[in-house]
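# Residue-level structural notes
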Amino acid sequence: MTDSSVEIVEGCRLPVLRKNQENEDEWPLAEILSVKDTLGRKLYYVHYVDFNKRLDEWVTPDRLDIKKLQFPKKEAKTPTKNGLPGSRPSSPDRDVRKSLDLNVQSASAPSRGKTLPTPKRKAESVSLASQVSAVTSVPSLPSSTEVSQASVYPAVREAFSTKSREDEQLTSITTVTNGTTRRILPSQPGRKRKNCGTDEDSQDSSDGIPSAPRMTGSLVSDRSHDDIVTRMKNIDCIELGRHRLKPWYFSPYPQELTSLPVLYLCEFCLKYLKSLKCLQRHLTKCNLRHPPGNEIYRKGTISFFEIDGRKNKTYSQNLCLLAKCFLDHKTLYYDTDPFLFYVMTEYDSKGFHIVGYFSKEKESTEDYNVACILTLPPYQRRGYGKLLIEFSYELSKVEGKTGTPEKPLSDLGLLSYRSYWSQTILEILMELKSDNGERPQITINEISEITSVKKEDVISTLQYLNLINYYKGQYILTLSEDIVEGHERAMQKRHLRIDPKCLHFTPKDWSKRGKW
């Protein structure tokens, strides 16, 4: 559908043919990011508007609908900070976007932004009771400001505006409406109800993004330097052990390796090599059969290794390079000293094969227990993501802290955390038993202490599940049979769980620099 008389340039927009999940043809609007000539034939690198960047691809001219071509709008060039004009043409209706700052040339530590400690809040308690089945109580809800600062969910932005009250209790009730039993978990009286609806996930979720990017985290979010190079995938294929992976996003591997059809990685030390012969030669000299560091958990074939970013710098940097291929919301820094990496592996006769990992700061003033988290694509949708999340909270329990993941989360990370929080909290609410006919009571602080999930995340999860209602002058939590049955079905499918008895972990006091 192309016309050779029309020149398609970078910044143009037009419909492009692609297959959807049902393997049906569709023509979404796409933007041309780059054009190249291969063996006398032009190829176009396209980004599908309103789709995730991992779907970007090179397409042939026959997939372009030239009849609906939109040329870039001509706009006055605005000087940048360096006094230079923009590096690429503008496209129609482009939103100003912040992007990754991938500075791989500098080996020095990034400037660490100042962070303010989260203010301590008074304990808030709520009682939940049920007449028919066991239910939990929930504490008073913090103000909208408190919730929105630490929450991941869009719904929290419409949270409660009145100030939290100390030691106010809720009484839960069970009602039957149209034959459906509903467990009602009430909240404080005398408060007016506000809408707690949820927004749909956007492709690039901005929930919880601070106004200025934090300069901490092993892969720090910073989109202030949008670049046409970093918007395009630069690695075609990665061979890691018995798997071949198709990267989703740009990763700053050395330039000379980006033109190779396949980039080879040692699955044990993650060293990158340019050919299969180089890999084979490397394997004869590589003594590793597991990630470097201490094995702190093993059950069955699943193991976790703790890796210090200072003691194993090369491995940590190679891990970040690999992770960047599948994480778009973060950028890469080579200063891995302030971080610990927890690598999950699967064991067989050949060794311990990497499944996924998460990183965390040795010292976090904002109670972050995860900086970056990733399950490699061959292991996704098999329960490993929730296992990583559950393990991060088990470490927080041993440390005696509550934790929360660093924001922003990727779209898939957001879904995983929402699911984990929902299942964990519902599990507690449904296991509460009434004593001597009394209605069971529990506070949000107690839920937070039991799970190590930060209080704000507990509240935002209840709001996301739309459990909060208004009843007789009180806020109540309502568990319908649909929610209960859905939770039970989900838990039946969740076969992989962390066994705390198999965890051998002693937390360190990283405030003492000698520990580094």
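So, how was this worked out
- Residues numbered from 1 in each chain as written.
- Predicted model: local features only at pLDDT ≥ 70, side-chain atom pairs only at ≥ 80, totals over all residues.
- Heavy atoms only, no water.
- UniProt positions renumbered as here; feature names shortened; annotations may be inferred.
- Axes fitted to C-alpha atoms, helices over the stretch in contact; angles between N-to-C directions.
- Helix = DSSP H or I, 4+ residues; strand = E, 2+ residues; numbered from the N terminus.
- Parallel < 35°, antiparallel > 145°, perpendicular 65-115°, else oblique.
- Left-handed = near helix turned anticlockwise from the far one by under 90°.
- Contact = heavy atoms within 4.5 Å.
- Nonpolar A, V, L, I, M, F, W, Y, C, P; charged D, E, K, R; others polar.
- Pairing = 2+ DSSP bridges.
- Core = buried A, V, L, I, M, F, W, Y, C linked by side-chain atoms within 4.5 Å.
- Buried < 20%, exposed > 50% of the residue type's maximum accessible area, 1.4 Å probe, protein only.
- Salt bridge = Lys/Arg side-chain N within 4 Å of Asp/Glu carboxyl O.
- Phe/Tyr/Trp six-rings, centres within 6.5 Å; stacked < 30°, edge-to-face > 60°.
- Lys NZ or Arg CZ within 6 Å of the ring centre and 35° of its normal.
- Patch = residues over 30% accessible without salt bridge, like charges linked within 9 Å, V, L, I, M, F, W, Y side chains within 5 Å.
- Areas by Shrake-Rupley, 256 points an atom, 1.4 Å probe, with all protein chains shown as cover.
- Lys, Arg positive; Asp, Glu negative; His and termini not counted.
- Charge placed at Lys NZ, Arg CZ, Asp CG, Glu CD.
- pLDDT = per-residue confidence, 0-100.

- Naming follows an unreviewed UniProt entry, where the protein appears as Histone acetyltransferase KAT5 of Pygocentrus nattereri.
- Entered under Sequence similarities (unreviewed entry) in the UniProt record, the comment concerning the protein runs "Belongs to the MYST (SAS/MOZ) family."

## As for the packing of helix 4 (residues 384-399) against helix 5 (residues 411-431)
- Following both chains from N to C, one finds helix 4 and helix 5 inclined at 60°, their axes separated by 10 Å at the closest point. In terms of orientation, helix 4 lies oblique with respect to helix 5. The crossing of helix 4 and helix 5 is right-handed. In contact with Lys-386, Ile-389, Glu-390, Ser-392 and Tyr-393 of helix 4, helix 5 contributes Ser-416, Tyr-417, Ser-419, Tyr-420, Trp-421 and Gln-423.
- In terms of residue class, the contact of helix 4 with helix 5 is built from 5 nonpolar, 4 polar and 2 charged.

## Structural notes on the sheet that holds strand 6 (residues 57-59)
- Taken in spatial order, the 4 strands of this open sheet run 1-4-5-6, and their pairing is antiparallel. Every interior strand has two partners, whereas the edge strands, strand 1 (13-15) and strand 6, have only one. Between one strand and the next, the sheet's axes are offset by a mean angle of 50°, whatever the strand orientation.
- Sheet analysis places strand 1 next to strand 4 (residues 29-38), joined by 3 bridges and oriented antiparallel. In the sheet register, Arg-13 faces strand 4, and the bridge partner there is Glu-31.

## Describing the sheet that holds strand 12 (residues 263-265)
- Read from one edge to the other, the open sheet built from 4 strands follows the order 11-10-12-13, with strand pairing classed as mixed. Pairing within the sheet leaves two strands with one partner each, and these edge strands are strand 11 (243-245) and strand 13 (272-273).
- Pairing of strand 10 (residues 238-240) with strand 11 involves 3 bridges; the strand directions are antiparallel. Residue pairing for strand 11: Glu-239 is matched across the bridge by Arg-244.

## Thoughts on the nonpolar core
- Counting residues in hydrophobic clusters, the biggest one holds 77 residues, and the most contacted among them are Phe-304, Leu-322 and Phe-391.
- Not counting residues up to four positions away in its chain, the partners in contact with Leu-322 are Ile-238, Leu-240, Tyr-253, Leu-265, Leu-270 and Leu-376.
- Counting 13 residues, the second-largest nonpolar core is a separate cluster that includes Tyr-48, Leu-64, Ile-66 and Leu-69.

## Considering the pattern of salt bridges
- Taken as a whole, this structure holds 19 salt bridges when the rule is applied.
- For the salt bridge of Lys-313 with Asp-337, the shortest nitrogen-to-oxygen distance reads 3.0 Å. Here Lys-313 is found in helix 3 (residues 313-324), whereas its partner Asp-337 is found in the loop between strand 16 (331-332) and strand 17 (339-348), with 24 residues between them in sequence.
- Looking at Asp-337, the relative accessible area reads 18%, which means it is buried.
- Here the salt bridges do not stand alone but share partners, grouping Glu-390, Glu-427, Arg-494 and Arg-497 into one network.

## Some points on the packing of aromatic side chains
- Tallying each qualifying case throughout the model produces 17 aromatic pairs.
- Both rings, one in Tyr-347 and one in Phe-352, keep their centres 4.7 Å apart while their planes meet at 45°; by these two values the pair is tilted.
- The exposure class assigned to Tyr-347 is partly exposed, which follows from its relative accessible area of 44%.
- Here the basic side chain of Lys-36 rests over the ring of Trp-58, its NZ or CZ set 4.3 Å away from the ring centre.
- A cation over a ring is seen here: Arg-54 above Trp-248, with NZ or CZ 4.9 Å from the ring centre.

## Describing a negative patch on the surface
- On the surface, a cluster of negative charge is made up of Glu-481, Asp-482, Glu-485 and Glu-488.
- Secondary-structure assignment places Glu-481 in helix 8 (residues 481-493).
- Of the residues examined, Glu-481 reaches a relative accessible area of 32% and is grouped as partly exposed.

## What to know about the pairing of strand 4
- Bridge count between strand 4 and strand 5 (residues 41-48): 8 bridges; the pairing is antiparallel. Bridging from a neighbouring strand, Val-35 pairs with Tyr-44 of strand 5.
- With antiparallel pairing between neighbouring strands as the criterion, strand 4 and strand 5 make up a hairpin whose turn holds 2 residues, including Leu-39 at a positive phi of roughly 55°.

## Focus: the packing of helix 5 against helix 6 (residues 444-451)
- Two elements in contact, helix 5 and helix 6, have axes whose closest approach is 11 Å; the angle formed by their N-to-C orientations is 115°. Classified by chirality, the crossing of helix 6 by helix 5 is right-handed. Here Thr-424, Ile-425, Ile-428 and Leu-429 of helix 5 come into contact with helix 6, specifically with Ile-447, Ile-450 and Thr-451.
- Classifying every residue of the contact of helix 5 with helix 6 gives 5 nonpolar, 2 polar and no charged.

## Concerning the confidence of the model for the protein
- Overall, the predicted model of the protein reaches an average pLDDT of 75, with 67% of residues at or above 70.
- Here residues 85-215 scores under 50 on pLDDT; set against residues more than four positions off or in separate chains, the count is 384 contacts.

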